[in-house]
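Residue-level structural notes
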Amino acid sequence: MATLVIRNGTIVTATDTFQADLLVENEKVVAISKNLSARAEREIDATGCYIFPGGIDAHTHLDLPFMGTSSSDDFETGTLAALHGGTTTIIDFAFQTVGKSLKEGLYEWHKKAEGKAAADYAFHVAVVDFNEKTRQEIKDLIEKEGVTSFKTFMAYKGALMIDDRQMIGLMNEVKKWGGIVTVHAENGDLADSLIQINRERGNKAPRFHALSRPEIVESEATGRAIDIAFAGQHPVYIVHMTCEGALNRVKEATKRNQRVLVETCIQYLLLDDSVYERPGFEGAKWVMSPPLRKPKDQEALWNGLEQGLVHVVATDHCPFCMKQKEMGKDDFSKIPNGAPGIENRMELLYSEGVEKGRISINKFVEVNCSNPAKIFGLYPQKGTIAVGSDADLVILDPRVEHTLTRETQHMNCDYSSYEGWRVKGKVKTVLLRGTVAIENGKALVGKGFGKYLKRKKFEHF
Ligand code: URP
Ligand code: ZN
Ligand code: ZN
């Protein structure tokens, strides 16, 4: 493998910011030093730019069959879009089908990704049918397949939802073998009853999606998941947290010295529920679960990042084109849930977080790169810049301003959640395992370049 040197950039990790040169060899960072004397086959000048570890998006849905259709990005388009935005690793969800084994779900997702993914990838397994048979699969999934995290749904009854008893059983089994359970925390019965009431009243527009899933739907389920985890002394990770009420349950738990791991997504930090008031069917673009909230919730999440209560910023990238969204034209409950974002997370969090002084540049790396790597067993191979780590590197030019539009995005979706959004700071060059994957907006790697990552067991975080 050819050697490569990056000179004159400012290297940023979760703890440090310093000027140094970087030498890359055989997919790894092999030296970090000021005025590195080594010569290489390829030299990149990063003067005026930041060098971040490759981003890790811990929550994506590529090629997901969902609500009668499939998410519009597959593993090729989705991971290429991710690379364009500085995300070099994704953790997607392999879904079990009710009545089938967990391994069948995992192997199905391997087939979707193998030979297609351009970025590195790993899988959480979504457990939708926990029983004696699936319980027995957990050990092998963790020890042989490198799947050390499992998602449960407290909502989507009749499709994905498990009950509390199953959650308890899964948490017990997963902890035994060194994994962690992640939770989609919404009270499914409460949401379903509000959906039914709205439909009966003839309330069919997209905004009723959000009105059927108010804050209490999420905060109740979050509190319940946290309590269940506490009862068994289990680690627990709450996915896509959106609101103050849910975060308050996390704060409450700290009083009994419980540590809850929390993920939010970029859209919950930046967008609010006013988008559902847009004319016609436009609000459908942001129909996702949980829905977008109020400015006070955004404030709570930003503060949560600062306070160390929110550990990860992901995307829950689950795009559907407008034609697909139109399945719910006359009934909000049939709008496929999800929105695009895999390409935008790093630049948006840099621009809105770091440039606007809401978070430090080291916090940016912590929540985008290091924490997802640590929690999900990829650290220090991924998630930091260090000698011996994979040379997954993002060179971002903070001087370049640009506008997010559907025309310029690489995600396979016919709208942008952030249409017209001005962003300060642009991803210029991306390296994945030492290979230049993106340069000045051009992809230099393609399908099949991405590797499956077997993950390590969950360690105390
Ligand atoms: O609306 C969402 N979040 N769609 C993706 C599935 C999920 O719940 O994460
Ligand atoms: Zn979810
Ligand atoms: Zn999701």
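Definitions and limits used
Residues numbered from 1 in each chain as written. Chains lettered and ligands numbered in written order. Predicted model: local features only at pLDDT ≥ 70, side-chain atom pairs only at ≥ 80, totals over all residues. Heavy atoms only, no water. Axes fitted to C-alpha atoms, helices over the stretch in contact; angles between N-to-C directions. Helix = DSSP H or I, 4+ residues; strand = E, 2+ residues; numbered from the N terminus. Parallel < 35°, antiparallel > 145°, perpendicular 65-115°, else oblique. Left-handed = near helix turned anticlockwise from the far one by under 90°. Contact = heavy atoms within 4.5 Å. Nonpolar A, V, L, I, M, F, W, Y, C, P; charged D, E, K, R; others polar. Donors = N, O, S within 2.8 Å, 3.2 Å for Na, K, Ca; no water. Buried < 20%, exposed > 50% of the residue type's maximum accessible area, 1.4 Å probe, protein only. Tetrahedral: all angles 85-135°; square planar, octahedral: opposite > 155°, others 65-115°. Expected span 1.5 Å × (residues − 1). Bend = angle between axes of the 7 residues up to and from the residue. Pairing = 2+ DSSP bridges. Near = heavy atom within 4 Å. Polar contact = N/O pair within 3.5 Å; in protein donor to acceptor, adjacent residues only side chain to side chain. Areas by Shrake-Rupley, 256 points an atom, 1.4 Å probe, with all protein chains shown as cover. Phe/Tyr/Trp six-rings, centres within 6.5 Å; stacked < 30°, edge-to-face > 60°. Domains from an automatic or database assignment. Buried area = accessible area lost by both parts, 1.4 Å probe. Salt bridge = Lys/Arg side-chain N within 4 Å of Asp/Glu carboxyl O.

The next thing to look at is the packing of helix H5 (residues 164-177) against helix H8 (residues 215-231). Look at H5 against H8: their axes get within 10 Å of each other, and the N-to-C directions meet at 45 degrees. As judged from the angle between their axes, H5 and H8 are oblique. In terms of crossing hand, the pair formed by H5 and H8 is right-handed. Of the residues in H8, those touching H5 at Asp164, Met167, Ile168 and Met171 are Arg224, Ala225, Ile228 and Ala229. Across the contact of H5 with H8, the residue classes break down as 6 nonpolar, no polar and 2 charged.

Each protein donor to the zinc ion (ligand 2) is listed here as Lys151 (NZ), His184 (ND1) and His240 (NE2); together their distances run 2.1 to 2.4 Å. Within one chain, the residues donating to the zinc ion (ligand 2) are spaced in sequence as K-x32-H-x55-H. In this structure the zinc ion (ligand 3) is found 3.7 Å away from the zinc ion (ligand 2). Taken together, the positions of His184 in strand E12 (residues 180-184) and His240 in strand E13 (residues 236-241) put the pair 56 residues apart, joining distant regions of the chain. Per residue, the accessibility class of His184 equals that of His240, and both read buried.

Moving on to unusual backbone geometry. For the bond from Ser289 to Pro290, the omega torsion is -10 degrees, close enough to zero to count as cis. In this fold, Pro290 is placed in the loop between helix H10 (266-270) and helix H11 (295-307). A cis amide bond links Tyr379 to the next residue, Pro380, at an omega of 0 degrees. Structurally, Pro380 is set in the loop between helix H14 (361-375) and strand E16 (393-404). One non-glycine residue, Asn257, lies in positive phi territory at about 65 degrees. Given a relative accessible area of 72%, Asn257 falls into the exposed group.

Those donors, His59 (NE2), His61 (NE2) and Asp316 (OD), are the protein atoms that reach the zinc ion (ligand 3), and they lie 2.0 to 2.1 Å from it. Here the zinc ion (ligand 3) binds 4 donor atoms, and the angle range of 87 to 133 degrees at the metal identifies the geometry as tetrahedral. For the zinc ion (ligand 3), the donor residues sit on a single chain with the sequence spacing H-x1-H-x254-D. On the basis of relative accessibility, which here comes to 0%, the residue His59 falls in the buried class. Residue class for His61 comes out buried when judged on its relative accessible area of 5%.

Across its 15 residues, H14 extends 20 Å between first and last C-alpha, which sits within 8% of the 21 Å expected from 1.5 Å per residue. Helix geometry: H14 is bent most strongly at Val367, by close to 45 degrees. Of all 15 residues in H14, 13 are buried; the element is thus mostly enclosed. Two residues or fewer past H14, Gly377 is found with a positive phi of approximately 70 degrees.

Here we take up the sheet that holds strand E10 (residues 120-126). Taking strand neighbours across the sheet as the criterion, the 8 strands line up as E6-E9-E10-E11-E12-E13-E14-E15 in an open arrangement whose pairing is parallel. Two strands lie at the open edges of the sheet, namely strand E6 (55-60) and strand E15 (312-314), each paired on one side alone. Strand-to-strand twist across the sheet, computed as the mean angle between neighbouring axes with direction ignored, equals 30 degrees. The sheet contact formed by strand E9 (residues 87-95) and E10 spans 7 bridges and is parallel. Opposite Ile90, over in E10, you have Tyr121 as the bridge partner.

This paragraph deals with the site of ligand 1. The environment of ligand 1 is made up of 14 residues, and the closest members are Lys151, His184, Ser289, Asp316 and Asn337. Separating an oxygen atom of ligand 1 from a side-chain N or O atom of His59 is a distance of 3.5 Å. Taking His184, its side chain carries an N or O atom lying 3.0 Å from an oxygen atom of ligand 1. Contact with the protein chains covers 100% of the free accessible surface of ligand 1, which is 270 Å².

For the structure on display, the rule yields 16 aromatic pairs. When the ring of Tyr50 is compared with that of Phe52, the centres are 5.8 Å apart and the planes differ by 25 degrees; the resulting orientation is stacked. Here Tyr50 falls in the partly exposed class, since its relative accessible area comes to 22%. Relative to Trp109, the ring of Phe95 lies with its centre 5.9 Å away and its plane at 35 degrees, an arrangement referred to as tilted. Placement of the pair is Phe95 in strand E9 and Trp109 in helix H2 (residues 102-113), with a sequence separation of 14 residues. The same class applies to Phe95 and to Trp109, which are both buried. Members of the aromatic cluster, connected to one another through ring pairs, are Phe66, Phe95, Trp109, Phe153 and Tyr156.

In this structure, Val181 sits in strand E12. Residue Val181 is classed as buried on the basis of its relative accessible area of 2%. For the pair formed by Val181 and Pro279, sequence separation is 98 residues and the distance between their alpha carbons is 39 Å. Excluding its chain neighbours within four sequence positions, the residues that come into contact with Val181 are Phe150, Thr152, Met167, Leu170, Met171, Val174, Pro235, Val236 and Tyr237.

Turning our eyes to something else, we now look at the packing of helix H13 (residues 345-355) against H14. Contact pair H13 / H14: the axes reach a minimum separation of 10 Å and the direction vectors enclose 150 degrees. One element, H13, and the other, H14, form an angle in the roughly antiparallel class. The interaxial crossing formed by H13 with H14 has right-handed handedness. Within the contact between the two elements, H13 uses Arg345, Met346, Leu349, Tyr350 and Val354 and H14 uses Ile361, Phe364, Val367, Asn368 and Cys369. Of the residues assigned to the contact of H13 with H14, the class counts are 8 nonpolar, 1 polar and 1 charged.

Before going further, it helps to spend a moment on the domain arrangement of the chain. Along its sequence, the chain is carved into domain 1 (3-52 + 389-443) and domain 2 (55-375). Taken together, the 40 residues of domain 1 in the interface contact 46 residues of domain 2. Interface area for domain 1 against domain 2, summed over the two sides, is near 3,400 Å², with a carbon-plus-sulfur share of 62%. Of all residues in domain 1, Met411, Tyr415 and Tyr418 give up the largest surface area on contact with domain 2, accounting jointly for 21% of the area buried on that side. Remark: the boundary between domain 1 and domain 2 carries 2 salt bridges. Linking Lys424 and Glu355 is a salt bridge whose minimum nitrogen-to-oxygen distance equals 3.6 Å. At the boundary of domain 1 and domain 2, one finds 18 residue pairs in polar contact (both at pLDDT 80 or more). Of all the secondary structure elements, the ones that give two or more residues to the side of domain 1 that touches domain 2 are strand E5 (50-53), E16, strand E17 (421-432), strand E18 (435-439) and strand E19 (442-443). It is E17 that contributes the most residues to the side of domain 1 that touches domain 2, 10 residues altogether.

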